[in-house]
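For reference, the chains in residue letters:
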Amino acid sequence: MTAAFPVQILIIAVGVGTGVGINALLSGKLGEKDNKTASRVAGNGIFLAMVIYMVFLMFGLFLAKPYMQLMSGDPIVVSMGTEYLRICCCFSMGAVGFTVYERFLQATGKTVHSMAAQIAGAVCNIILDYVFVMVFGWGAAGAAWATVIGQILSLFAAMALHYRLNKEIDGSFHFIKPSGKIIRTIYKIGVPAAIMQALLAVMMFVVLQIFKVIDDGTTMILMINTYGIYYKIMQTALFAGFGLSNTLITIVSYNYGRQDKQRLKQVIRFGIVNSVIVAAVIMLLFQVFAAPISDLFGLSLPEQSADGIRKEDILSTCETAMHIATLGYIFMSISVSVQGILQGFRNIYKPIVISLLRLIVFVVPFAVLFCMSKYVTTIFWLTFVIAEMLTAGVALFFLKDSTQKAFITL
């Protein structure tokens, strides 16, 4: 399952990038009272979702096994991972479709409804994960089915809310006709967001490859399993960070367009402060409740894997990871919030550079170095703390430079 995560993240990244472009363009057209073009934007969004789904369907059918063979030489891991990945890719219409319909709701200001649809799927996923894995004993396949069913439920909920509440957007089928101009505009806005999300998949893929430098095979497998669980936990903090960052994009962009210098300063200051506060609360919760959170995210683990790795050893290492790696969350919140501010200033490249630094450039050398230590199960997790600290420094430098330029133009 851990080896399959990069592909799952890539699915989300492409969907999110497309959704960001749709949201920005759709909001603008609705603001201009151009409901016909807004309906065409929504229709093109649905068309793109279908195309993206077909791409990942083909990947699931024909490339899932070769990918897993690249990630692992263990026949058992390849077999289980292929089954898991095929289910996630072949039924990815929920993940892809939801990112589009979610943006329809957000563009019209119905963010609470969007959140409700997402929560419905998440709760369904948690319940079915326990039922399919713990009660029915379906293993990796059960976890995959729980995931895709939850995603499809979120999609159906978002679709129902959109077609019922978004009267300003015409849902007629003829608006689904693709427009090269609209699609180019969507991706001109959305590609940077997609790249930043996709770099998460790249980081996970690279780290899994770096683990192969560990001399002890048992320790290597332990770290791979632990990293998979910790990564899912870390996503919780990232979702909160990116949620605030996306809000900053909208508010900063609006006030930048109005050339409201004083308001911009307030938004930037309070945006970063609030992001740090949220990150600090999440960090504290993870520090205090490291054990039960690890147990929750490790429900699908067998008591002992085919490689002889005990569940309790994985969960113990995961607790260690949370106690150490979460110390970098405050610095992560600074970098992510600055990315949102810079995007609000219509800066495309600096946010991508920040993602490259925190996910690849600063991670790889320290990950390799710490994986060669005999204390790898402990010291490795400092990789993320160091990477977040260094990136935060660069992000603040970018912010100072960009705000000075932005304020001069006001």
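Structure: see above.
What counts, and where the lines are drawn
- Residues numbered from 1 in each chain as written.
- Predicted model: local features only at pLDDT ≥ 70, side-chain atom pairs only at ≥ 80, totals over all residues.
- Heavy atoms only, no water.
- Salt bridge = Lys/Arg side-chain N within 4 Å of Asp/Glu carboxyl O.
- Helix = DSSP H or I, 4+ residues; strand = E, 2+ residues; numbered from the N terminus.
- Buried < 20%, exposed > 50% of the residue type's maximum accessible area, 1.4 Å probe, protein only.
- Patch = residues over 30% accessible without salt bridge, like charges linked within 9 Å, V, L, I, M, F, W, Y side chains within 5 Å.
- Areas by Shrake-Rupley, 256 points an atom, 1.4 Å probe, with all protein chains shown as cover.
- Lys, Arg positive; Asp, Glu negative; His and termini not counted.
- Charge placed at Lys NZ, Arg CZ, Asp CG, Glu CD.
- Axes fitted to C-alpha atoms, helices over the stretch in contact; angles between N-to-C directions.
- Parallel < 35°, antiparallel > 145°, perpendicular 65-115°, else oblique.
- Left-handed = near helix turned anticlockwise from the far one by under 90°.
- Contact = heavy atoms within 4.5 Å.

Participant: Just checking my understanding: could you explain the pattern of salt bridges for this structure?
Facilitator: Pairing between side chains becomes possible if they bear opposite charge and their charged atoms approach one another. Applying the stated criterion to the full structure yields five salt bridges. Linking Lys-110 and Glu-168 is a salt bridge whose minimum nitrogen-to-oxygen distance equals 4.0 Å. In this pair, Lys-110 sits in the loop between helix H5 (93-107) and helix H6 (111-135) while Glu-168 sits in the loop between helix H7 (139-165) and helix H8 (180-210), placing the two residues 58 residues apart along the sequence. Judged by its relative accessible area of 15%, Lys-110 falls in the buried class. Classification of Glu-168 by relative accessible area gives partly exposed; the value is 28%.

Participant: Help me understand a positive patch on the surface, please; the structure alone is not making it clear to me.
Facilitator: Together, Lys-36, Arg-40, Lys-177, Lys-181 and Arg-184 make up a region of like positive charge exposed at the surface. With respect to the secondary-structure elements, Lys-36 resides in helix H2 (residues 35-62). For Lys-36, a relative accessible area of 61% gives the class exposed.

Participant: Explanation requested: the packing of helix H11 (residues 290-297) against helix H12 (residues 311-325) in the structure shown.
Facilitator: How two helices pack is summed up by the angle between their axes together with the distance between the axes. It is the contact of H11 with H12, at a shortest axis distance of 9 Å, that shows an interaxial angle of 125°. Classified by the angle their axes make, H11 and H12 are oblique. When the axes of H11 and H12 are compared, the crossing they make is right-handed. On H12, the residues that touch Ala-290, Ala-291, Ile-293, Ser-294 and Asp-295 of H11 are Leu-315, Cys-318, Glu-319, Met-322 and His-323.

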